[in-house]
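One letter stands for each residue in the lines below.
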Amino acid sequence: MEMLLQKEIFLNKPACRYFAIGVMMAFMALGAFVRIPLPFTPVPLTLQTFFVLLSAALLGRKLSWFALLGYIAFGVMGVPVFAGANSGWLYAFGPTAGYFAGFALATVFIAFSLGSHNASWRRITGIFALADILILLCGALWLKLLLRLSGVQALALGFLPFIPGDILKVLAAAVVYKGINRRVSEIIA
């Protein structure tokens, strides 16, 4: 494995970028398949957030958008890449639509906030945590509007149940990012 990380697979930088976009799209889809339904909310726990955070940080401002929009586009077009192997417009604009919007806002936030690849672990973790809060707030707001909930109900269904798992996802994403960001930036830059 170490040899693979030290050797270029593709010598063509544009090919490396396309490959990286495809890999992150695939990881987002696989993260959706790690799904834990919660009986008290229409939104399941998934690993998508972990991969959205990593994608935004590793791929940067331009490429992370292609990965996220490509993932969502595949799902909307009918490829079963959303949580529970779901797809289509109805699912994309159902209870999880706010989280998809949050993914987009978090991608922009991370890509513009992270800056250098030499950021400290504390800075990386803080940026990821704020991006995650942004995702959860967008999801809760959408649930409030879609299901006509009070603010407290929306937070109880769309924000609070996800905090423990998202803390772990943020920490894990920061560790992974800190470990591989230099090599990834060498490959796709």
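Our structure's up above, just so we're on the same page.
Because the structure is a prediction, the values reported are computed rather than measured.

A.B. asks: Requested: an account of the nonpolar core, with residues and values cited.
C.D. replies: One broad rule of soluble globular proteins: the nonpolar side chains tend to lie buried together. The biggest cluster of nonpolar side chains holds 56 residues, and the ones touching the most others in it are Met28, Tyr71, Ile110, Phe128 and Tyr177. Those elements that provide at least two residues to this core are α2 (13–33), α3 (48–76), α4 (89–92), α5 (97–113), α6 (121–147), α7 (151–158) and α8 (163–188). Per-element accounting of this core gives the leading share, 15 residues, to α3. Excluding anything up to four places from it in sequence, Met28 contacts Gln48, Phe51, Val52, Ser55, Ala67, Leu68 and Tyr71.

A.B. asks: Break down the side chain of Ser113 for me, citing the residues and quoting the values.
C.D. replies: Inspection of the secondary structure puts Ser113 in helix α5. A distance of 2.7 Å separates a polar side-chain atom of Ser113 from the backbone oxygen of Phe109. Sequence-distant contacts of Ser113, that is, excluding residues within four places in its chain, are made with Arg123 and Ile127.

A.B. asks: Would you mind going over the packing of α3 against α5 in detail, with residue names and values included?
C.D. replies: The contact between α3 and α5 brings their axes to 8 Å, and the two run at 90°. In terms of orientation, α3 lies roughly perpendicular with respect to α5.

A.B. asks: Quick one: what's the story with empty space enclosed by the protein, residue by residue and with numbers?
C.D. replies: Summed over all chains, the structure comprises 1 cavity of 30 Å³ or more. Of the voids in this model, the largest cavity is the one considered here, and its volume is about 200 Å³. Lining the largest cavity are 18 residues, with Val43, Pro44, Thr46, Gln48 and Tyr99 sitting closest to its centre. At the level of secondary structure, the elements contributing two or more residues to the lining of the largest cavity comprise α3, α5, α6 and α8. For the lining of the largest cavity, the element with the most residues is α5, which contributes 3 residues. Its residues assigned to classes, the lining of the largest cavity comprises 12 nonpolar, 4 polar and 2 charged.

What counts, and at which threshold
- Residues numbered from 1 in each chain as written.
- Predicted model: local features only at pLDDT ≥ 70, side-chain atom pairs only at ≥ 80, totals over all residues.
- Heavy atoms only, no water.
- Core = buried A, V, L, I, M, F, W, Y, C linked by side-chain atoms within 4.5 Å.
- Buried < 20%, exposed > 50% of the residue type's maximum accessible area, 1.4 Å probe, protein only.
- Helix = DSSP H or I, 4+ residues; strand = E, 2+ residues; numbered from the N terminus.
- Contact = heavy atoms within 4.5 Å.
- Polar contact = N/O pair within 3.5 Å; in protein donor to acceptor, adjacent residues only side chain to side chain.
- Axes fitted to C-alpha atoms, helices over the stretch in contact; angles between N-to-C directions.
- Parallel < 35°, antiparallel > 145°, perpendicular 65-115°, else oblique.
- 1 Å grid on protein atoms, 1.4 Å probe; cavity = no way out; pocket = protein on both sides within 12 Å on 5 of 7 lines; lining within 4 Å.
- Points joined across faces, edges and corners; volume = space filled by probe spheres on them.
- Nonpolar A, V, L, I, M, F, W, Y, C, P; charged D, E, K, R; others polar.

Interpretation note: all reported values are geometric properties and have no functional meaning in isolation.
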